[in-house]
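# Architecture at a glance
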Amino acid sequence: MEITQPSGSRPGQAAHSFEHLLRPDVAGLEEYTPILPFEVLSEQLGRRPEEIVKLDANENPYGPAPAVREALTAFPFYHIYPDPEQRHLRAALSAYVGAPAEMILAGHGADELLDYLCRIFLRPGDAIINCPPTFGMYSFDAQLSSGRVVEVWRRPDFSLDVAGIEQAAAGQGAKLLFLTSPNNPDGSLLDPADLRRLLCLPLIVILDEAYIEFAGLEHSAVSWVASHDNLVVLRTFSKWAGIAGLRLGYGIFPVWILRHLWKFKQPYNVNVAATVAGLAALAHRADLAPTIAALIAERQRLQVELARFPFLQPYPSQANFVLCRVQGREATALKLALAQAGVLVRHYAKPGLENCIRVSAGRPADTDALLAALAGV
(Lines give C-alpha, C1' and ligand atoms only; values in the text may rest on other atoms or scores of the structure.)
Protein backbone atom coordinates (compact mmCIF):
# COMPACT_ATOMS: atom_id res chain seq x y z
CA MET A 1 0.00 0.00 0.00
CA GLU A 2 1.35 3.41 -0.94
CA ILE A 3 1.33 6.11 1.71
CA THR A 4 1.09 9.66 0.43
CA GLN A 5 1.66 12.95 2.23
CA PRO A 6 -1.38 15.22 2.73
CA SER A 7 -1.70 17.90 0.07
CA GLY A 8 0.40 20.98 0.74
CA SER A 9 2.61 19.37 3.40
CA ARG A 10 6.29 18.46 3.34
CA PRO A 11 7.69 15.10 4.43
CA GLY A 12 7.76 14.96 8.22
CA GLN A 13 5.30 17.86 8.52
CA ALA A 14 1.72 17.47 9.66
CA ALA A 15 -1.10 19.07 7.71
CA HIS A 16 -2.15 21.05 10.77
CA SER A 17 -0.09 22.90 13.34
CA PHE A 18 -0.44 21.72 16.92
CA GLU A 19 1.81 24.42 18.37
CA HIS A 20 -1.19 26.16 19.91
CA LEU A 21 -1.44 23.23 22.34
CA LEU A 22 1.79 24.27 24.03
CA ARG A 23 1.70 26.15 27.32
CA PRO A 24 2.08 29.81 26.28
CA ASP A 25 4.80 30.40 28.87
CA VAL A 26 6.85 27.53 27.43
CA ALA A 27 6.42 28.81 23.88
CA GLY A 28 7.90 32.15 24.96
CA LEU A 29 10.56 30.75 27.29
CA GLU A 30 14.12 31.90 26.77
CA GLU A 31 16.23 28.78 26.53
CA TYR A 32 19.24 28.11 28.72
CA THR A 33 22.39 28.24 26.60
CA PRO A 34 25.07 25.73 27.63
CA ILE A 35 28.55 25.62 26.14
CA LEU A 36 29.06 23.70 22.90
CA PRO A 37 29.92 20.00 23.33
CA PHE A 38 33.62 19.22 23.36
CA GLU A 39 33.50 17.06 20.23
CA VAL A 40 31.69 19.82 18.30
CA LEU A 41 34.28 22.40 19.32
CA SER A 42 37.04 20.00 18.33
CA GLU A 43 35.57 19.70 14.84
CA GLN A 44 35.00 23.45 14.51
CA LEU A 45 38.57 24.27 15.55
CA GLY A 46 40.09 21.50 13.44
CA ARG A 47 42.04 20.22 16.44
CA ARG A 48 42.17 16.83 18.09
CA PRO A 49 40.54 16.80 21.56
CA GLU A 50 43.90 16.23 23.24
CA GLU A 51 45.19 19.43 21.60
CA ILE A 52 42.50 21.59 23.21
CA VAL A 53 42.87 23.25 26.60
CA LYS A 54 39.32 23.27 27.95
CA LEU A 55 38.88 25.95 30.61
CA ASP A 56 35.29 26.99 29.88
CA ALA A 57 33.01 24.83 32.04
CA ASN A 58 34.59 24.54 35.53
CA GLU A 59 35.19 20.83 35.01
CA ASN A 60 37.87 18.90 36.88
CA PRO A 61 40.50 18.12 34.20
CA TYR A 62 42.04 15.36 36.30
CA GLY A 63 38.86 13.31 36.11
CA PRO A 64 37.81 10.73 38.69
CA ALA A 65 40.10 8.87 41.07
CA PRO A 66 41.56 5.61 39.68
CA ALA A 67 39.41 3.68 42.18
CA VAL A 68 36.30 5.16 40.56
CA ARG A 69 37.31 3.94 37.12
CA GLU A 70 38.08 0.51 38.56
CA ALA A 71 34.72 0.34 40.34
CA LEU A 72 32.85 1.24 37.16
CA THR A 73 34.70 -1.45 35.23
CA ALA A 74 34.20 -4.15 37.85
CA PHE A 75 30.51 -3.55 38.64
CA PRO A 76 28.50 -6.55 37.31
CA PHE A 77 24.86 -5.42 37.59
CA TYR A 78 24.25 -2.66 35.06
CA HIS A 79 21.26 -4.66 33.79
CA ILE A 80 19.48 -4.22 37.15
CA TYR A 81 17.48 -1.11 38.06
CA PRO A 82 19.07 1.09 40.73
CA ASP A 83 17.83 1.34 44.31
CA PRO A 84 15.10 4.01 44.20
CA GLU A 85 15.83 4.91 47.83
CA GLN A 86 19.61 5.26 47.25
CA ARG A 87 20.32 3.56 50.60
CA HIS A 88 24.06 2.90 50.26
CA LEU A 89 24.76 6.25 48.61
CA ARG A 90 22.83 8.20 51.23
CA ALA A 91 24.62 6.37 54.03
CA ALA A 92 28.00 7.24 52.51
CA LEU A 93 26.92 10.85 51.98
CA SER A 94 25.79 11.02 55.58
CA ALA A 95 29.29 10.12 56.73
CA TYR A 96 30.78 12.70 54.34
CA VAL A 97 28.62 15.71 55.18
CA GLY A 98 27.76 14.91 58.80
CA ALA A 99 23.98 14.96 58.34
CA PRO A 100 21.56 12.07 58.91
CA ALA A 101 20.75 9.97 55.85
CA GLU A 102 17.08 10.77 56.53
CA MET A 103 17.81 14.36 55.43
CA ILE A 104 19.62 13.48 52.18
CA LEU A 105 18.35 12.89 48.65
CA ALA A 106 20.49 12.33 45.55
CA GLY A 107 19.62 13.50 42.07
CA HIS A 108 20.60 13.36 38.42
CA GLY A 109 22.90 16.27 39.08
CA ALA A 110 21.93 19.01 41.51
CA ASP A 111 20.00 20.50 38.57
CA GLU A 112 17.33 17.83 38.95
CA LEU A 113 16.83 18.79 42.58
CA LEU A 114 16.56 22.47 41.64
CA ASP A 115 13.81 21.53 39.21
CA TYR A 116 11.99 19.42 41.82
CA LEU A 117 12.06 22.23 44.39
CA CYS A 118 10.53 24.66 41.92
CA ARG A 119 7.88 22.18 40.91
CA ILE A 120 6.75 21.26 44.44
CA PHE A 121 6.58 24.86 45.68
CA LEU A 122 5.60 27.04 42.72
CA ARG A 123 2.15 27.44 41.28
CA PRO A 124 1.71 29.61 38.17
CA GLY A 125 2.58 33.16 39.11
CA ASP A 126 4.38 32.32 42.36
CA ALA A 127 7.67 34.15 42.77
CA ILE A 128 11.27 33.27 43.48
CA ILE A 129 14.02 35.72 44.40
CA ASN A 130 17.14 35.42 42.30
CA CYS A 131 20.38 37.33 42.89
CA PRO A 132 22.19 37.89 39.59
CA PRO A 133 24.82 37.71 38.34
CA THR A 134 24.62 34.04 39.31
CA PHE A 135 23.95 30.55 37.95
CA GLY A 136 21.32 30.70 35.21
CA MET A 137 19.44 27.51 36.11
CA TYR A 138 17.63 29.10 39.07
CA SER A 139 15.58 31.47 36.95
CA PHE A 140 15.31 28.89 34.15
CA ASP A 141 13.78 26.22 36.41
CA ALA A 142 11.44 28.71 38.04
CA GLN A 143 10.10 29.74 34.65
CA LEU A 144 9.64 26.11 33.64
CA SER A 145 7.25 25.89 36.59
CA SER A 146 5.44 29.07 35.46
CA GLY A 147 6.99 31.00 38.30
CA ARG A 148 7.90 34.69 38.39
CA VAL A 149 11.52 35.68 38.84
CA VAL A 150 12.16 38.68 41.07
CA GLU A 151 15.74 39.82 40.62
CA VAL A 152 17.69 41.53 43.38
CA TRP A 153 21.01 42.40 41.79
CA ARG A 154 24.29 41.90 43.56
CA ARG A 155 26.53 44.86 44.28
CA PRO A 156 29.52 45.60 41.99
CA ASP A 157 31.73 43.42 44.23
CA PHE A 158 29.15 40.59 43.87
CA SER A 159 28.09 40.75 47.54
CA LEU A 160 24.39 40.33 48.29
CA ASP A 161 22.00 43.24 48.67
CA VAL A 162 20.43 41.78 51.82
CA ALA A 163 18.16 44.76 52.44
CA GLY A 164 16.95 44.55 48.84
CA ILE A 165 16.18 40.85 49.27
CA GLU A 166 14.22 41.57 52.44
CA GLN A 167 12.25 44.29 50.67
CA ALA A 168 11.50 41.98 47.72
CA ALA A 169 10.41 39.18 50.05
CA ALA A 170 7.97 41.53 51.80
CA GLY A 171 6.60 43.08 48.64
CA GLN A 172 6.47 40.12 46.25
CA GLY A 173 5.37 37.25 48.47
CA ALA A 174 8.18 35.08 47.16
CA LYS A 175 8.35 31.42 48.17
CA LEU A 176 11.96 30.56 47.29
CA LEU A 177 15.28 32.39 47.55
CA PHE A 178 18.25 31.02 45.59
CA LEU A 179 21.77 31.66 46.88
CA THR A 180 25.16 30.29 45.84
CA SER A 181 28.37 29.92 47.82
CA PRO A 182 30.88 30.19 46.24
CA ASN A 183 28.87 32.13 43.68
CA ASN A 184 29.12 31.26 40.01
CA PRO A 185 30.54 33.09 38.05
CA ASP A 186 32.66 35.23 40.42
CA GLY A 187 33.61 32.74 43.15
CA SER A 188 32.66 34.83 46.21
CA LEU A 189 31.57 33.21 49.47
CA LEU A 190 28.29 33.96 51.21
CA ASP A 191 28.73 35.86 54.48
CA PRO A 192 27.32 33.67 57.32
CA ALA A 193 25.82 36.78 58.92
CA ASP A 194 23.88 37.45 55.70
CA LEU A 195 22.63 33.87 55.60
CA ARG A 196 21.51 34.03 59.23
CA ARG A 197 19.59 37.23 58.52
CA LEU A 198 17.96 35.85 55.36
CA LEU A 199 16.84 32.68 57.14
CA CYS A 200 14.53 34.91 59.19
CA LEU A 201 12.44 35.55 56.07
CA PRO A 202 9.19 33.58 55.56
CA LEU A 203 10.46 31.65 52.55
CA ILE A 204 12.65 28.65 51.64
CA VAL A 205 16.36 29.46 51.24
CA ILE A 206 18.06 27.17 48.71
CA LEU A 207 21.84 27.36 49.05
CA ASP A 208 23.87 25.89 46.19
CA GLU A 209 27.32 24.74 47.35
CA ALA A 210 28.51 23.20 44.08
CA TYR A 211 32.05 24.58 44.55
CA ILE A 212 32.38 24.40 48.35
CA GLU A 213 35.18 21.80 48.30
CA PHE A 214 37.46 24.42 46.70
CA ALA A 215 36.66 26.96 49.42
CA GLY A 216 36.97 24.57 52.36
CA LEU A 217 34.19 22.51 53.91
CA GLU A 218 34.36 24.66 57.05
CA HIS A 219 32.45 27.26 55.00
CA SER A 220 29.53 24.91 54.35
CA ALA A 221 26.10 25.53 55.88
CA VAL A 222 25.11 21.85 55.92
CA SER A 223 25.15 21.79 59.73
CA TRP A 224 22.59 24.61 59.77
CA VAL A 225 19.87 22.57 58.05
CA ALA A 226 18.95 20.56 61.16
CA SER A 227 18.04 23.75 63.02
CA HIS A 228 16.40 25.67 60.17
CA ASP A 229 13.22 24.29 58.61
CA ASN A 230 13.54 26.70 55.68
CA LEU A 231 17.11 25.90 54.57
CA VAL A 232 18.13 23.49 51.79
CA VAL A 233 21.78 22.91 50.84
CA LEU A 234 22.64 21.41 47.45
CA ARG A 235 25.97 19.79 46.50
CA THR A 236 27.45 17.96 43.50
CA PHE A 237 30.10 15.39 42.58
CA SER A 238 30.73 17.13 39.24
CA LYS A 239 33.54 19.43 40.37
CA TRP A 240 35.62 17.94 43.19
CA ALA A 241 35.09 14.28 42.20
CA GLY A 242 35.59 14.82 38.48
CA ILE A 243 32.48 12.98 37.27
CA ALA A 244 30.47 15.80 35.68
CA GLY A 245 29.53 13.51 32.78
CA LEU A 246 27.76 11.05 35.10
CA ARG A 247 25.46 13.74 36.58
CA LEU A 248 25.34 13.12 40.32
CA GLY A 249 24.24 15.67 42.89
CA TYR A 250 22.52 15.62 46.24
CA GLY A 251 20.76 17.80 48.75
CA ILE A 252 20.42 18.10 52.50
CA PHE A 253 16.80 18.94 53.31
CA PRO A 254 14.61 19.54 56.33
CA VAL A 255 12.72 16.31 56.93
CA TRP A 256 9.36 17.90 56.21
CA ILE A 257 10.46 18.89 52.68
CA LEU A 258 12.14 15.57 51.98
CA ARG A 259 8.98 13.70 52.89
CA HIS A 260 7.24 15.35 49.92
CA LEU A 261 10.24 15.00 47.58
CA TRP A 262 10.21 11.22 48.08
CA LYS A 263 6.64 11.18 46.78
CA PHE A 264 7.50 13.47 43.89
CA LYS A 265 10.81 12.26 42.47
CA GLN A 266 11.20 9.80 39.61
CA PRO A 267 11.76 6.30 41.09
CA TYR A 268 15.09 5.61 39.35
CA ASN A 269 16.39 9.15 39.05
CA VAL A 270 20.04 8.27 39.84
CA ASN A 271 21.48 5.68 37.47
CA VAL A 272 23.62 2.74 38.51
CA ALA A 273 26.88 4.05 37.02
CA ALA A 274 26.57 7.37 38.85
CA THR A 275 25.84 5.53 42.10
CA VAL A 276 28.86 3.25 41.70
CA ALA A 277 31.10 6.23 40.90
CA GLY A 278 29.74 8.29 43.78
CA LEU A 279 30.27 5.51 46.31
CA ALA A 280 33.82 4.92 45.08
CA ALA A 281 34.63 8.65 45.16
CA LEU A 282 33.42 8.92 48.74
CA ALA A 283 35.29 5.79 49.81
CA HIS A 284 38.50 7.08 48.23
CA ARG A 285 38.09 10.81 48.81
CA ALA A 286 41.56 10.98 50.36
CA ASP A 287 42.89 10.11 46.90
CA LEU A 288 41.11 13.17 45.51
CA ALA A 289 42.53 15.60 48.09
CA PRO A 290 45.74 16.22 46.08
CA THR A 291 43.65 17.00 43.00
CA ILE A 292 41.56 19.54 44.89
CA ALA A 293 44.73 21.10 46.33
CA ALA A 294 46.27 21.27 42.85
CA LEU A 295 43.23 23.06 41.43
CA ILE A 296 43.21 25.54 44.32
CA ALA A 297 46.90 26.23 43.65
CA GLU A 298 46.16 26.85 39.96
CA ARG A 299 43.27 29.15 40.86
CA GLN A 300 45.62 31.17 43.04
CA ARG A 301 48.21 31.20 40.29
CA LEU A 302 45.62 32.39 37.78
CA GLN A 303 44.61 35.29 40.00
CA VAL A 304 48.22 36.47 40.18
CA GLU A 305 49.19 35.85 36.54
CA LEU A 306 46.02 37.16 34.91
CA ALA A 307 46.39 40.44 36.78
CA ARG A 308 49.71 40.99 34.95
CA PHE A 309 47.82 41.54 31.69
CA PRO A 310 46.70 45.17 31.45
CA PHE A 311 43.47 44.20 29.70
CA LEU A 312 42.31 41.79 32.45
CA GLN A 313 40.90 42.56 35.90
CA PRO A 314 40.51 39.27 37.84
CA TYR A 315 38.13 39.05 40.79
CA PRO A 316 38.94 37.17 44.02
CA SER A 317 37.59 33.62 43.92
CA GLN A 318 37.09 30.71 46.31
CA ALA A 319 35.95 28.30 43.60
CA ASN A 320 37.81 26.49 40.79
CA PHE A 321 37.59 29.40 38.36
CA VAL A 322 38.48 33.08 38.06
CA LEU A 323 36.22 35.76 36.57
CA CYS A 324 37.95 38.61 34.72
CA ARG A 325 36.63 41.94 33.52
CA VAL A 326 38.13 42.65 30.09
CA GLN A 327 39.26 46.25 29.67
CA GLY A 328 40.07 48.09 26.46
CA ARG A 329 39.08 45.27 24.12
CA GLU A 330 36.12 43.03 23.37
CA ALA A 331 35.72 39.89 25.49
CA THR A 332 34.08 38.08 22.56
CA ALA A 333 37.06 38.77 20.31
CA LEU A 334 39.44 37.70 23.07
CA LYS A 335 37.57 34.43 23.53
CA LEU A 336 37.68 33.71 19.79
CA ALA A 337 41.39 34.52 19.57
CA LEU A 338 42.13 32.17 22.46
CA ALA A 339 40.02 29.46 20.83
CA GLN A 340 42.05 29.74 17.65
CA ALA A 341 45.10 29.09 19.83
CA GLY A 342 43.37 25.99 21.22
CA VAL A 343 42.37 27.46 24.60
CA LEU A 344 38.68 27.59 25.51
CA VAL A 345 37.30 30.07 28.06
CA ARG A 346 33.78 31.25 28.87
CA HIS A 347 32.74 34.77 28.00
CA TYR A 348 29.76 36.84 29.12
CA ALA A 349 27.84 39.77 27.74
CA LYS A 350 25.01 39.79 30.30
CA PRO A 351 24.00 42.64 32.61
CA GLY A 352 26.44 42.80 35.48
CA LEU A 353 28.91 40.70 33.51
CA GLU A 354 29.46 42.97 30.53
CA ASN A 355 32.68 42.18 28.70
CA CYS A 356 33.83 39.42 31.04
CA ILE A 357 35.54 36.07 30.66
CA ARG A 358 35.66 33.22 33.15
CA VAL A 359 38.65 30.87 33.25
CA SER A 360 38.49 27.47 34.92
CA ALA A 361 41.43 26.27 36.97
CA GLY A 362 43.19 23.46 35.12
CA ARG A 363 46.46 21.61 35.29
CA PRO A 364 49.73 23.58 35.42
CA ALA A 365 50.31 22.88 31.73
CA ASP A 366 46.83 24.25 30.97
CA THR A 367 47.66 27.49 32.77
CA ASP A 368 50.95 27.68 30.87
CA ALA A 369 49.09 27.31 27.57
CA LEU A 370 46.55 29.97 28.57
CA LEU A 371 49.21 32.47 29.58
CA ALA A 372 51.17 31.87 26.38
CA ALA A 373 48.02 32.38 24.31
CA LEU A 374 47.14 35.57 26.17
CA ALA A 375 50.63 36.91 25.56
CA GLY A 376 50.09 36.43 21.84
CA VAL A 377 46.64 37.93 21.35
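Everything discussed here concerns the structure shown above.
An account of the accompanying structure is given in this report. Each chain has its residues counted from 1, running along the sequence as written. Where totals are concerned, whole chains, interfaces and linings use all residues; where local detail is concerned, this predicted model gives features only for residues with pLDDT of at least 70, and gives and counts side-chain atom pairs only at 80 or more. Based on all heavy atoms of the structure, the side-chain values leave hydrogens and waters out of the count.

The way it works is that DSSP assigns letters per residue, a run of H or I at least four long becomes a helix, a run of E at least two long becomes a strand, and they are numbered from the N terminus. In terms of regular secondary structure, the protein is built from 13 helices and 12 strands. Overall size of the protein, expressed as C-alpha extent along the three principal axes, is 65 × 55 × 55 Å. Three labels apply to residues, based on accessible area from a 1.4 Å probe with only protein chains included: buried if under 20% of the type maximum, exposed if over 50%, partly exposed otherwise in between. Burial statistics for the protein: of 377 residues in total, 51% are counted as buried. Residue contacts are counted whenever heavy atoms from the two residues lie within 4.5 Å of one another. Looking at the protein alone, contacts between residues at least 24 apart form 70% of all its contacts between residues at least 6 apart. Only the protein chains shown count as cover for residues, and the accessible areas themselves come from Shrake-Rupley with a 1.4 Å probe. Of the accessible surface of the protein, which amounts to about 17,800 Å², a share of 56% is contributed by carbon and sulfur atoms. Put simply, the protein has 33 plus and 39 minus side-chain charges, and the middle of one group is 2 Å from the middle of the other. Only four residue types enter the tally: Lys and Arg on the positive side, Asp and Glu on the negative side; His and the chain ends are excluded. Think of each charge as sitting on NZ of Lys, CZ of Arg, CG of Asp or CD of Glu.

So, about the pattern of salt bridges. Whenever a carboxyl oxygen of Asp or Glu lies within 4 Å of a side-chain nitrogen of Lys or Arg, that contact is scored as a salt bridge. All told, the structure shown has 17 salt bridges when counted by the stated rule. Measuring nitrogen to oxygen at the nearest pair gives 3.2 Å for the salt bridge that ties E305 to R308. The class for R308 is exposed, based on a relative accessible area of 58%. Beyond isolated ion pairs, a larger network of salt bridges with shared partners links K54, D56 and E59.

Let us now look at the packing of helix α3 (residues 66-74) against helix α10 (residues 272-283). Note on geometry: axes are lines fitted to C-alpha atoms, helical ones only across the stretch in contact, with angles between N-to-C directions running from 0 to 180 degrees. In contact at an axis separation of 8 Å, α3 and α10 are set at 145° when each is read in the N-to-C sense. Seen along the crossing, α3 lies across α10 with a hand that is right-handed. Residue-level contacts link A67, V68, A71 and L72 of α3 to A273, V276, A277, A280 and A281 of α10. Note: crossing handedness is left-handed where the near helix turns anticlockwise from the far helix by less than a right angle, and right-handed where it turns clockwise.

Bringing the environment of V304 into the picture now. Tracing the sequence through the fold places V304 in helix α11 (residues 285-306). Expressed as a C-alpha distance, the spacing of V304 and P314, which sit 10 residues apart in the sequence, is 8.5 Å.

We now examine the sheet that holds strand β11 (residues 343-348). Two strands pair if DSSP finds at least two bridges between them. Read from one edge of the open sheet, 5 strands run β1-β11-β12-β10-β9, paired in mixed fashion. Two strands lie at the open edges of the sheet, namely β1 (53-55) and β9 (312-314), each paired on one side alone. Neighbour to neighbour, the strand axes of the sheet diverge by 30° on average, direction disregarded. Summarising the sheet, β9 and strand β10 (residues 321-326) pair through 3 bridges and their orientation is antiparallel. Residue pairing for β10: Q313 is matched across the bridge by R325. Strand contacts of helix α12 (residues 331-340): β9, β10, β11 and β12 (356-360), with the helix running at about 165° to β11, the strand carrying the most contacts.

Time to look at the sheet that holds strand β7 (residues 231-236). As summarised here, the arrangement of the 7 strands in space is β2-β8-β7-β6-β5-β3-β4, forming an open sheet in which the pairing is mixed. On the outer flanks of this sheet lie β2 (104-107) and β4 (148-151), each paired with one strand and no other. For this sheet the average axis-to-axis angle between neighbouring strands, irrespective of direction, equals 25°. Pairing between β2 and strand β8 (residues 249-252): 4 bridges, direction antiparallel. Its bridge partner being in β8, G107 is matched across the sheet by G249. Against the sheet, helix α4 (residues 87-97) contacts β2, β7 and β8, and its axis sits at roughly 115° relative to β2. Relative to β2, helix α9 (residues 255-264) is tilted by about 40°, and along the sheet it contacts β2, β6 (204-208) and β7.

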